[in-house]
Amino acid sequence: MRKLIWTSALFPALAVLAILSPSDLRSQAPAQPAGEMKMDAHSTPSTSLKITYAGKSEDFTPATLAALPHTTITVYNEHAKASQTYSGVPLSTLLARLGVPEKPRGKDFRLYLLAEGTDGYGVVYSVGEVTPDVHDGTTLVADTLDGKPLADNGQFQLVTTGEKRPARWVRNLASIHVLTAQE
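Presented here is a report on the structure given in the accompanying data block. Position labels on residues start from 1 in each chain and follow its written sequence. Whole-chain, interface and lining totals are the exception, using all residues; otherwise, since this is a predicted model, local features are given only for residues with pLDDT of at least 70 and side-chain atom pairs are given and counted only at 80 or more. As a convention, hydrogens and water are excluded, and side-chain values are obtained from all of the structure's heavy atoms.

Digging into the overall build of the chain
Alright, step 1. Where helices and strands are cited, they refer to DSSP runs of H or I of at least four residues and of E of at least two residues respectively, numbered from the N terminus. Broken down by element type, the chain carries 3 helices and 12 strands.
Alright, step 2. Taken over 183 residues, the chain has a buried fraction of 44%.
Alright, step 3. Contacts are residue-level and defined by heavy atoms, with any inter-residue pair within 4.5 Å sufficient. Long-range contacts, defined as pairs at least 24 residues apart, comprise 62% of the intrachain contacts of the chain with a sequence gap of at least 6.
Alright, step 4. Accessibility throughout is a Shrake-Rupley quantity obtained with a 1.4 Å probe, and a residue counts as covered only by protein chains that appear here. Here the chain displays about 9,600 Å² of accessible surface, and carbon together with sulfur accounts for 54% of that area. Burial here depends on accessible area, computed with a 1.4 Å probe over protein chains only, as a share of the maximum for the residue type. Under 20% is buried, over 50% is exposed, and the range in between is partly exposed.

Comments concerning the sheet that holds strand 7 (residues 111–117)
Paired through backbone hydrogen bonds, the strands of a sheet run either parallel or antiparallel to each other.
Alright, step 1. By the convention used here, strands pair only if DSSP detects at least 2 bridges between them. Taken in spatial order, the 5 strands of this open sheet run 4-3-12-7-8, and their pairing is mixed. Sheet topology places strand 4 (56–60) and strand 8 (122–126) at the edges, where each strand pairs with a single neighbour. Averaged over all pairs of adjacent strands, the angle between strand axes in this sheet comes to 15°, irrespective of strand direction.
Alright, step 2. Here strand 3 (residues 49–53) runs beside strand 4; their pairing, made up of 5 bridges, is antiparallel. Among the inter-strand pairings, Lys-50 is bridged to a residue of strand 4, identified as Asp-59. As a rule, the C-alpha atoms of each element are fitted with a line to give its axis, helices using only the stretch in contact, and angles between N-to-C directions run from 0 to 180 degrees.

Quick notes on the pattern of salt bridges
Alright, step 1. When a carboxyl oxygen of Asp or Glu is within 4 Å of a side-chain nitrogen of Lys or Arg, the pair counts as a salt bridge. With the rule as written, the count across this model stands at 4 salt bridges.
Alright, step 2. Here Arg-168 and Glu-163 are joined by a salt bridge, their closest N and O atoms 2.4 Å apart.

Examining empty space enclosed by the protein
Alright, step 1. Throughout, the protein atoms alone are placed on a 1 Å grid, and a set of points is a cavity if a 1.4 Å probe fits but cannot get out or a pocket if it is open with protein on both sides within 12 Å along at least five of seven lines; lining residues have an atom within 4 Å of a point. Grid points are joined across faces, edges and corners, and a volume is the space filled by probe spheres set on the points. Counting across every chain of the model gives 1 cavity of 30 Å³ or more.
Alright, step 2. There is about 50 Å³ of room inside the largest cavity.
Alright, step 3. As for the largest cavity, its lining consists of Ser-92, Leu-95, Ala-96, Val-100, Pro-101, Glu-102, Val-127, Val-130 and Thr-131.
Alright, step 4. Note on residue classes: Ala, Val, Leu, Ile, Met, Phe, Trp, Tyr, Cys and Pro are nonpolar, Asp, Glu, Lys and Arg are charged, and everything else, Gly too, is polar. Residues belonging to the lining of the largest cavity are distributed by class as follows: 6 nonpolar, 2 polar and 1 charged.

Quick notes on the pairing of strand 7
Alright, step 1. Of all 7 residues making up strand 7, 7 are buried, and the element is well covered by its neighbours.
Alright, step 2. Side chains Leu-111, Leu-113, Ala-115 and Gly-117 of strand 7 all project onto a buried face; the interleaved residues Tyr-112, Leu-114 and Glu-116 project onto the opposite face, where all are buried too.
Alright, step 3. Of the strand pairs in this sheet, strand 7 and strand 12 (residues 173–180) are connected by 7 bridges, and their pairing is antiparallel. The residue of strand 12 that forms the bridge with Glu-116 is Ser-175.
Alright, step 4. Bridge count between strand 7 and strand 8: 5 bridges; the pairing is antiparallel. Counterpart to Ala-115 in the pairing with strand 8 is Val-123.
Alright, step 5. Turn length for the strand 7-strand 8 hairpin, with the two strands adjacent in sequence and antiparallel, is 4 residues, and the turn residue Gly-120 shows positive phi of about 95°.

Digging into unusual backbone geometry
Alright, step 1. Here Lys-81, not a glycine, exhibits a phi torsion of approximately 55°, which is positive.
Alright, step 2. Within the fold, Lys-81 resides in the loop between strand 5 (71–77) and strand 6 (82–90).
Alright, step 3. Within the chain, Asn-172 stands out as a residue other than glycine whose phi angle is a positive 55°.

Considerations on the packing of aromatic side chains
What describes a pair of aromatic rings is the distance from one ring centre to the other and the angle between the planes of the rings.
Alright, step 1. Pairing of aromatic rings covers Phe, Tyr and Trp, the last through its six-membered ring, and needs centres within 6.5 Å; plane angles under 30 degrees mean stacked, over 60 mean edge-to-face, and all others mean tilted. Applying the stated rule across the entire model yields 1 aromatic pair.
Alright, step 2. Centroid distance Tyr-86 to Trp-169: 5.7 Å. Interplanar angle 80°. Geometry classified as edge-to-face. Residue Tyr-86 is found in strand 6, and its partner Trp-169 is found in the loop between strand 11 (157–160) and strand 12; the two are separated by 83 residues along the sequence. Neither Tyr-86 nor Trp-169 differs from the other in exposure class; each is buried.

Comments concerning the environment of Pro-69
Alright, step 1. Positionally, Pro-69 belongs in the loop between helix 2 (62–66) and strand 5.
Alright, step 2. What makes Pro-69 exposed here is its relative accessible area of 65%.
Alright, step 3. Distance from Pro-69 to Gly-88, taken between C-alpha atoms, is 8.1 Å for residues 19 residues apart in sequence.
Alright, step 4. Apart from residues lying up to four places away in sequence, Pro-69 is in contact with Gly-88, Val-89 and Pro-90.

Function cannot be read off these values alone, since they describe shape.
What follows is the structure, given as structure tokens:
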């Protein structure tokens, strides 16, 4: 069972910290910075992405994601000590297909996303952090890096602009669950 704790110290606009159950913690791989993660014997490359929200879900394959309009961003990867160019579909576009509000208001700001890779690495974003109507950063579900497919670490990677380091980038991206924080 996941418990949520609200705190205003971590994120001024909306802060949600997911506290994982002991079984969740056992299944988690050690947290490694996204720029340094390598495949190991316990990781399998992601081959599809499943996004769920309010009882609905949609599966994306490399072909279905490639068919959607793409955005390109260039970000500095602190771990690689280099600028990298990613292309992919804005996460907000994929979320809108499932009915996640494109212009969140009021209770919509209780929505948060849990993005997880096949290696067990997971991160949390508030809906405001991935919505262009609220936040000026861009969060992509990337399928190419510097013009080449993301084959080494799965087919998909979650990449965000405007962060000081890529700690919340998720390689081997396999699932995104849109959940509602409870008091």
